[in-house]
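Chain and residue survey
If you want the building blocks of each chain, they are given just below.
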Amino acid sequence: MNFSQIGIGAALALAAIGSALGAGAAGMAAVGAWKKCFALNKPAPFMLVAFVGAPLTQTIYGFILMNTLKAKAMASIDPGLLLGVGILGGLAMGFSAWLQGKAGACASDALAETGKGFGNYIMVLGLIETVALFVMVF
């Protein structure tokens, strides 16, 4: 069995699992925040969608890492190395997406309640995103 194939697939799969968890967490919070706004006859901020969608980019990074590992496998790089890089890289991206979604959930609640701070909240999500970018690049 060629273990490099597991690592190649894991890069995308683990990143995507994290994206799903993160978008799910942020999405549930956005729905709850909109519900509060509707109940109070306040305008429901559409910008909460940005918080929900933020974790999805880690799936793209996982795809890029997967393709890079696939190219390295064709160049006969050590299968154990590819297995490790794929799993650990996918996990790092997945956790980044999941925790970015949790931060997006908090941001959704805060923005819906106050109507203020969108730039600050996006900045926090961007900092969390940087972890996944660093994993993909390095």
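Higher on the page you've got the structure.
The notes below deal with the structure included here. (Residues numbered from 1 in each chain as written. Predicted model: local features only at pLDDT ≥ 70, side-chain atom pairs only at ≥ 80, totals over all residues. Heavy atoms only, no water.)

**Re helix H5 (residues 118–137)**
Here H5 spans 28 Å end to end across 20 residues, near enough to the 28 Å set by a 1.5 Å rise per residue. Turning to H5, its buried residues number three or more, namely Leu125, Glu129 and Ala132. Contact partners of the buried residues in H5: helix H2 (48–53), helix H3 (57–74) and helix H4 (79–114). (Helix = DSSP H or I, 4+ residues; strand = E, 2+ residues; numbered from the N terminus. Expected span 1.5 Å × (residues − 1). Buried < 20%, exposed > 50% of the residue type's maximum accessible area, 1.4 Å probe, protein only. Contact = heavy atoms within 4.5 Å.)

**Focus on a nonpolar patch on the surface**
A surface patch of nonpolar side chains, amounting to about 890 Å² of accessible area, comprises Phe3, Ile6, Ile17, Leu21, Ile87, Leu88, Leu91, Phe95, Trp98 and Leu99. Broken down by secondary-structure element, the contributors of at least two residues to the nonpolar patch are helix H1 (3–39) and H4. Element by element, the count of residues in the nonpolar patch is highest for H4, at 6 residues. The partly exposed category is assigned to Ile6, whose relative accessible area is 36%. (Patch = residues over 30% accessible without salt bridge, like charges linked within 9 Å, V, L, I, M, F, W, Y side chains within 5 Å. Areas by Shrake-Rupley, 256 points an atom, 1.4 Å probe, with all protein chains shown as cover. Salt bridge = Lys/Arg side-chain N within 4 Å of Asp/Glu carboxyl O.)

**Considerations on H4**
Residues lying three or four places apart along an α-helix face the same way, a consequence of the helix completing one turn every 3.6 residues. Helix length check: H4 (36 residues) gives 52 Å between terminal C-alpha atoms against 52 Å at 1.5 Å per residue, within 8%. Of the residues one or two after H4, Gly115 is the one with positive phi, at around 75 degrees.

**Focus: the packing of aromatic side chains**
Within this structure, the stated rule accounts for 4 aromatic pairs. A centroid spacing of 5.5 Å and a plane angle of 35 degrees characterise the contact between Phe51 and Phe118, whose relative ring orientation is tilted. Residue Phe51 is found in helix H2, and its partner Phe118 is found in helix H5; the two are separated by 67 residues along the sequence. Given the relative accessible area of 0%, Phe51 is considered buried. A ring pair is formed by Phe134 and Phe138, whose centres lie 5.7 Å apart and whose planes are at 35 degrees; its orientation type is tilted. With a relative accessible area of 78%, Phe138 lands in the exposed category. Within the aromatic cluster, the residues linked to one another by ring pairs are Phe51, Phe118 and Tyr121. (Phe/Tyr/Trp six-rings, centres within 6.5 Å; stacked < 30°, edge-to-face > 60°.)

**Structural notes on the packing of H3 against H4**
For any two helices packed against each other, one specifies the inter-axial angle together with the distance between the axes. Contact geometry of H3 with H4 gives a least axis separation of 10 Å together with a crossing angle of 175 degrees. It follows from the interaxial angle that H3 and H4 lie roughly antiparallel. Across the interface between the two elements, Gln58, Tyr61, Gly62, Leu65, Leu69, Lys72 and Ala73 from H3 touch Leu82, Val85, Gly86, Gly89, Gly90, Met93, Ser96, Ala97 and Gln100 from H4. The class makeup of the residues in the contact of H3 with H4 is 8 nonpolar, 7 polar and 1 charged. (Axes fitted to C-alpha atoms, helices over the stretch in contact; angles between N-to-C directions. Parallel < 35°, antiparallel > 145°, perpendicular 65-115°, else oblique. Nonpolar A, V, L, I, M, F, W, Y, C, P; charged D, E, K, R; others polar.)

**Focus on the pattern of salt bridges**
All chains considered together, the criterion is met by 1 salt bridge. Between Lys36 and Asp109 there is a salt bridge, and its shortest N-O distance comes to 2.8 Å. One end of the pair, Lys36, is in helix H1; the other, Asp109, is in helix H4, and 73 residues separate them in sequence. Of the residues examined, Asp109 reaches a relative accessible area of 31% and is grouped as partly exposed.

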